[in-house]
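Residue-level listing of the chains:
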Amino acid sequence: MKLLLLGANGQLGQALLKQLQLPQQFQYLALNRSQLDITDISAVATVMAEYRPDVVINCAAYTAVDNAEQHAAACIAVNATAVGQLAKLCQQYNSLLLQFSTDYVFNGQSNKAYTEQDIAAPLNVYGRSKLQAEHFIQATCSKYVILRTSWLFSEFGHNFYRTMLKLAQRDQIIQVVNDQFGCPTYAGDLAAITLQLLQRYQQQGSLAYGIYHLAGSPAVSWYQFAKAIFAAHQLQVNLQVISSASWPTLATRPANSVLDCNKFCAAFAISVPQWQAALQQLALGGDNHMASQEQDCNF
Ligand SMILES: NC(=O)c1ccc[n+]([C@@H]2O[C@H](COP(=O)([O-])OP(=O)(O)OC[C@H]3O[C@@H](n4cnc5c(N)ncnc54)[C@H](OP(=O)(O)O)[C@@H]3O)[C@@H](O)[C@H]2O)c1
């Protein structure tokens, strides 16, 4: 079975690549943005025509949530328009499309965990662009799996976990909001589950296609997540609670974006990943991939 991995240099892309490089049965072509810009439709069409992948795993995305507010066209081009074109090509070549979406499709006003049946009403450009991609795929593809995930963290790329570790080295006081709740998800866990799904697809020739929530457990606030990060790394930090109101950002974020993953667990008999265990492993193993530069946060 041939896999085409797009956005291979991102956080999830690198986590997937790390596992794909272990000896196993998949043949794959992994392309980063400089090798294939997914907004270049003719280049994407050429790769599809030449490689004829059985599965396209799309990890390419515009994830700078705040920047997206001021660069909406660029965000929509990558997250929505390009994915719409990709969906058409997947349909044309009978390829399974595996797409990742986000908890930010919800407005956060519910007091419960969100299910796939709940109405999406994104608060920001990024969330709207990802929702548009979902609609394009659902309207176009017969074979797709959309995994809505949240609060990705890992040893790779730009994420809250790595930002907290950097801040701990630099700042006396760290302030983190305690009124936004969600589900941290270790990218390595998401990658492992993704490959598990693909193994089944290879064996069975089919999957329970559709849209699913798949995120880590338990749900916490960003403050609680930060506290767990510092505890795992045994860092003494002056961590202070603040409210979202006192920490204005360009993009509005949902207060509650906790995802209910029961549909996924029932369909695939796979339990949700426990992020605290992954965090312990990361802390024990050290982080050799700390980036030297700061960018717009994607959390
Ligand atoms: N991060 C989160 O907390 C989070 C939460 C929920 C859902 N998700 C979703 O999960 C997926 C993976 O996220 P991630 O955290 O791995 O994101 P990421 O680290 O920002 O990686 C995205 C990758 O896409 C690449 N890219 C951007 N524009 C591209 C283009 N036009 N053509 C090809 N590649 C392009 C980026 O390239 P450069 O490296 O050159 O920038 C980057 O390598 C995304 O679909 C995202 O929406 C993420």
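First, a word on what this report is: a plain description of the structure on this page.

In this section: the nonpolar core. Grouped together as the largest cluster of nonpolar side chains are 62 residues, with contacts concentrated most on L97, F153, M164, V176 and F225. By size, the runner-up hydrophobic cluster in this structure holds 32 residues, among which are A187, L197, L198 and I270.

Moving on to the pairing of strand 10 (residues 210–213). Taking every second residue as pointing to the same face, both faces of strand 10 are buried, with G210 and Y212 on one and I211 and H213 on the other. Sheet topology note: the strand 5 (residues 144–149)/strand 10 ladder contains four bridges and is parallel. Note that in strand 10 the partner of I146 across the bridge is I211.

Surveying the vicinity of the ligand reveals 24 residues, the closest of which are L12, D37, T63, Y126 and K130. Taking I38, its main chain carries an N or O atom lying 2.9 Å from a nitrogen atom of the ligand. Backbone polar atom of A61 to an oxygen atom of the ligand: 3.1 Å apart, as the coordinates give it. Protein coverage of the free-state accessible area of the ligand, which is 900 Å², stands at 87%.

This part covers the packing of helix 2 (residues 41–51) against helix 4 (residues 72–92). Relative to each other, helix 2 and helix 4 sit at 25°, their axes nearing to 10 Å. Relative to helix 4, helix 2 is oriented roughly parallel. At the point where helix 2 passes helix 4, the crossing takes the right-handed sense. Two secondary-structure elements touch here, helix 2 through I41, V44, A45 and M48 and helix 4 through A82, Q85, L86, L89 and C90.

When the charged atoms of two side chains with opposite charge come close together, those side chains can pair. The full count for this structure, using the stated rule, is four salt bridges. When the shortest N-O distance is used, the salt bridge between R148 and E134 registers 2.8 Å. Linking R148 in strand 5 with E134 in helix 5 (residues 125–140), this pair joins segments that are 14 residues apart in sequence. For D171, the salt bridge goes to R170, with nearest N and O atoms at 2.9 Å.

Quick look at the packing of aromatic side chains now. When we look at a pair of aromatic rings, we describe it by the centre distance and by the angle of the planes. Evaluation of the coordinates by the stated rule reveals 13 aromatic pairs. Where F153 meets Y186, the ring centres are 5.6 Å apart and the plane angle is 45°; that geometry is what we call tilted. With F153 in strand 6 (residues 152–153) and Y186 in strand 9 (residues 185–186), the pair connects residues that are 33 residues apart, well separated along the chain. Residue F153 is classed as buried on the basis of its relative accessible area of 0%. A ring pair is formed by F225 and W275, whose centres lie 5.1 Å apart and whose planes are at 75°; its orientation type is edge-to-face. Of the two residues, F225 is situated in helix 8 (residues 222–232) and W275 in helix 10 (residues 275–285); the sequence distance between them amounts to 50 residues. For the pair formed by F225 and W275, the shared burial category is buried. Joined through ring pairs, the aromatic side chains of W151, F153, F160, Y161, Y186, W222, F225 and W275 make up one cluster. Above the plane of the ring of Y51 lies K2, whose end atom (NZ or CZ) is 4.9 Å from the centre. Taking the ring centre of Y212 as reference, the NZ or CZ of K263 above it sits at 4.6 Å.

What counts and what doesn't
Residues numbered from 1 in each chain as written. Predicted model: local features only at pLDDT ≥ 70, side-chain atom pairs only at ≥ 80, totals over all residues. Heavy atoms only, no water. Core = buried A, V, L, I, M, F, W, Y, C linked by side-chain atoms within 4.5 Å. Buried < 20%, exposed > 50% of the residue type's maximum accessible area, 1.4 Å probe, protein only. Helix = DSSP H or I, 4+ residues; strand = E, 2+ residues; numbered from the N terminus. Pairing = 2+ DSSP bridges. Near = heavy atom within 4 Å. Polar contact = N/O pair within 3.5 Å; in protein donor to acceptor, adjacent residues only side chain to side chain. Areas by Shrake-Rupley, 256 points an atom, 1.4 Å probe, with all protein chains shown as cover. Axes fitted to C-alpha atoms, helices over the stretch in contact; angles between N-to-C directions. Parallel < 35°, antiparallel > 145°, perpendicular 65-115°, else oblique. Left-handed = near helix turned anticlockwise from the far one by under 90°. Contact = heavy atoms within 4.5 Å. Salt bridge = Lys/Arg side-chain N within 4 Å of Asp/Glu carboxyl O. Phe/Tyr/Trp six-rings, centres within 6.5 Å; stacked < 30°, edge-to-face > 60°. Lys NZ or Arg CZ within 6 Å of the ring centre and 35° of its normal.

Any link to function would need more than the numbers given here.
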